[in-house]
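# Close look at the chain arrangement
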Amino acid sequence: MSIALRHRRLAAVCLPTAAVLLLAVLALAKPQAQSLDVVIANGRVMDPESGLDAPRNVGISGGKIVAISAGALQGKTTIDAKGLVVAPGFIDLHEHGQEPRNYQFQAHDGVTTSLELEVGTADVDSWYAARDSKSLINYGVSVGHIPVRMKVIGDPGDFLPSGDAAHRAATPQQIAEMRRQIEHGLQRGALAVGMGINYTEAASHQEILEMFRVAAKFRTSVHVHLRYAGMLEPENGLTALEEAIAAAAITGAPLHIVHVTSIGLRDTPQLLAAINGARQRGMDITMECYPYTAASTSLQSALFDPGWQERQGITYKDLQWVKTGERLTAETFDKYRKEGGSVVIFSIPEEDVRLAIGDPMVMIASDGSRYTGPKVHPRGQGTFSRVLGHYVREEKTLDLMTALRKMTLMPAQRLEQRAPAFRDKGRIRVGADADITVFDPQRIIDKATFEEPFQYSEGIQFVLVNGVAVVKDGQLVDGVFPGKAARAPLTQ
Ligand SMILES: [Zn+2]
């Protein structure tokens, strides 16, 4: 045995385990460095899980992050991210617009995974099949109590109920059939159970409880638009929240409250306190909001049944007709409610928006709309840039890392018990999916407004989905479809 070899052996025995592991990783990394697909060089890498906030080079191969290094990396393609933030791609838990055009706007807003978890679908297989190999960004859906109820009871509405599914109580047989269909959707890989009790107001507390029971059986979160919005006792946001918390406590199903500000309105502080209180008692409850002072929905839905002005604390002029942009009057309200279409509802006080955005427990989700006219709500196009540009940079409502956590790690964690693939999303970590958003923190801002909603956000320079660039130098890339199904494991 030569002296040199003997020394090496001794060194190997004496080195602490961590150092040995490091050497092994370096030895493995060296040949790999030659074959990296993409390197994002010199960016400020921000990872909310590890707390990393430092200049790093990120190496990507095979759609995964394979290296994060302070030293140089070699790749077939290099993205220069000097002066830019390199963050996990944003995960939107609540986006109704799930068409190619919506995905383009969302990609420009930094979203790499777009999920429709509130209304959801009654046909999980068809929903995923329609997007297979055709999607710019990742996509996923819940099985929805609203569409299932519309199917079982029958309703003329095309998205939200406007007839019996809103206004008729279900028979025990119909409730059993809804249970069966929700269960089937979960067996087919739906990410969650969606619910909009405000739109199905005839659904009894018992019916709601039965749906929670199915979710609990699958350890699946229920994403709920609560039974009431507003401040009119006893039909207000707080009593509605109590119903959902009770259902979660009785059944054990995880609970997610959607758009807490448009439910709470001026009572948003009480809702946040109640949810945070239940969390402190050990319940698995999360929530989301969007960064706007207006809501939006169908005018023919149950939200505008008689008494809406008192319940929501608004009147006709606070409603904007999406097809024209006009504000409504008593006459046009009646006319358009018969005709059918969407309105933007100016009902949420700015201080309550700011409170929810600044609460570290509230996730960011857009609630973006399907195309219902030229003056749709801008939230589907600008939510994430608006939080980062307006609320982080301009208003200093919260710091950048906290904001990123609310749009990456927290939504991933919400879903990872149900769909373990989410353990590799929402993070800049070796082994994570290469869903990455690269933006200029000094320039990022939403451009979509209530007057001109179809405008791309600015300052998002590069967006990668599964390692493939869908936005490059601030421009959409044509003809690429790297989006994959975000789906829970199939059990049937
Ligand atoms: Zn909703």
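In the block above lies the structure referred to throughout.
A brief report on the enclosed structure follows.

Rules of the game
- Residues numbered from 1 in each chain as written.
- Predicted model: local features only at pLDDT ≥ 70, side-chain atom pairs only at ≥ 80, totals over all residues.
- Heavy atoms only, no water.
- Helix = DSSP H or I, 4+ residues; strand = E, 2+ residues; numbered from the N terminus.
- Rg over C-alpha atoms; globule rule 2.2 N^0.38 Å.
- Buried < 20%, exposed > 50% of the residue type's maximum accessible area, 1.4 Å probe, protein only.
- Contact = heavy atoms within 4.5 Å.
- Areas by Shrake-Rupley, 256 points an atom, 1.4 Å probe, with all protein chains shown as cover.
- Lys, Arg positive; Asp, Glu negative; His and termini not counted.
- Charge placed at Lys NZ, Arg CZ, Asp CG, Glu CD.
- Pairing = 2+ DSSP bridges.
- Axes fitted to C-alpha atoms, helices over the stretch in contact; angles between N-to-C directions.
- Donors = N, O, S within 2.8 Å, 3.2 Å for Na, K, Ca; no water.
- Phe/Tyr/Trp six-rings, centres within 6.5 Å; stacked < 30°, edge-to-face > 60°.
- Lys NZ or Arg CZ within 6 Å of the ring centre and 35° of its normal.
- Expected span 1.5 Å × (residues − 1).
- Parallel < 35°, antiparallel > 145°, perpendicular 65-115°, else oblique.

Turning our attention to the overall build of the chain. A tally of helices and strands in the chain yields 17 helices and 20 strands. In summary, the chain has a C-alpha radius of gyration of 24 Å against a globular reference of 23 Å for 492 residues, a match within 12%. Projected onto its principal axes, the C-alpha coordinates of the chain cover approximately 95 × 45 × 40 Å. A burial count over the chain gives 60% of its 492 residues as buried. A sequence separation of at least 24 residues applies to 71% of the contacts in the chain between residues at least 6 apart. Element-wise, carbon and sulfur atoms account for 54% of the exposed surface of the chain, whose accessible area totals about 19,400 Å². The centroid of the 52 positive side-chain charges in the chain is displaced by 8 Å from the centroid of its 55 negative side-chain charges.

Let's shift gears to the side chain of Asp446. Mapping Asp446 onto the fold places it in the loop between β17 (436–439) and β18 (460–465). Apart from the residues within four sequence positions on either side, Asp446 is in contact with Tyr292, Gly382, Ser385, Arg386 and Ser457.

Across the sheet, which stays open at both edges, the 8 strands sit in the order β6-β7-β8-β9-β10-β11-β12-β16 with parallel pairing between neighbours. Strands with a single pairing partner mark the edges of an open sheet, and in this sheet they are β6 (90–92) and β16 (362–364). Averaged over all pairs of adjacent strands, the angle between their axes in this sheet comes to 30°, without regard to strand direction. Taken together, the 3 bridges between strand β11 (residues 255–257) and strand β12 (residues 285–289) define a ladder with parallel strand orientation. What sits directly across from Leu255, in β12, is Ile285.

What follows deals with the coordination of the zinc ion. Tetrahedral metal sites with four donors have an ideal angle of 109.5 degrees; octahedral sites with six donors have ideal angles of 90 or 180 degrees. Each protein donor to the zinc ion is listed here as Glu118 (OE), His225 (ND1) and His259 (NE2); together their distances run 1.8 to 2.4 Å. Within one chain, the residues donating to the zinc ion are spaced in sequence as E-x106-H-x33-H. Highlighted residues: Glu118 in strand β7 (residues 111–121) and His259 in the loop between β11 and α10 (260–264), separated in sequence by 141 residues. His259 carries the same exposure label as Glu118, and that label is buried.

The next thing to look at is the packing of aromatic side chains. Taken as a whole and judged by the stated rule, the model has 16 aromatic pairs. Geometrically, the ring pair formed by Phe105 and Tyr456 is tilted, given 4.8 Å between the ring centres and 45° between the ring planes. Taken as a pair, Phe105 in helix α3 (residues 100–108) and Tyr456 in the loop between β17 and β18 lie far apart in primary sequence, 351 residues in all. According to the relative accessible area criterion, Phe105 is buried, its value standing at 3%. Among the aromatic residues, those joined into a cluster by ring pairs are Phe105, Tyr371, Phe454 and Tyr456. One Lys or Arg, Arg379, reaches over the ring of Tyr290 and ends 4.8 Å from the middle of that ring. Taking NZ or CZ as reference, Arg386 lies 5.3 Å from the ring centre of Tyr292, over its face.

This part takes up helix α5 (residues 145–153). With 8 of 9 residues buried, α5 is to be regarded as a mostly interior element. The complete set of buried residues in α5 reads His145, Ile146, Pro147, Val148, Arg149, Met150, Val152 and Ile153. Against the buried residues of α5 lie β7, β8 (138–144), α6 (164–167), α7 (172–187), β9 (193–196) and α8 (205–217).

Pairing is antiparallel across the open sheet formed by 3 strands, whose spatial order is β13-β15-β14. Two strands bound the open sheet, and with one partner strand each, they are β13 (294–298) and β14 (319–321). If you compare each strand with its neighbour and ignore which way they point, the axes differ by 25° on average. With 3 bridges connecting them, β14 and strand β15 (residues 342–346) associate as antiparallel partners. Along β15, the bridge assignment pairs Gln320 with Val344.

For helix α11 (residues 268–280), spanning 13 residues, the distance from its first C-alpha to its last is 18 Å, which sits close to the expected 18 Å at 1.5 Å a residue. Among the residues making up α11, those that are buried are Thr268, Leu271, Leu272, Ile275, Asn276, Gly277 and Ala278. Next to the buried residues of α11 lie α9 (237–251), β11, α10, β12, α14 (350–358) and β16.

The next thing to look at is the packing of helix α16 (residues 400–407) against helix α17 (residues 409–416). Taken N-terminus to C-terminus, the directions of α16 and α17 make an angle of 30°; their axes are 3 Å apart at the nearest point. By the angle class used here, α16 and α17 are roughly parallel. Contacts from Leu404, Arg405, Lys406 and Met407 in α16 reach Leu409, Met410 and Pro411 in α17.

Inspection of the sheet shows β18 paired to strand β19 (residues 468–472) by 3 bridges, in the antiparallel sense. Each residue of the ladder has a partner; that of Val463, found in β19, is Val471. Between β18 and β19, which pair antiparallel and follow one another directly, the connecting turn spans 2 residues, one of which, Asn466, has a positive phi of 50°. Pairing of β19 with strand β20 (residues 475–476), which is carried by 2 bridges, proceeds in the antiparallel orientation. Opposite Lys472, over in β20, you have Gln475 as the bridge partner. Where β19 folds back on β20, the antiparallel hairpin that results is connected by 2 residues, among which Asp473 adopts a positive phi of roughly 50°.

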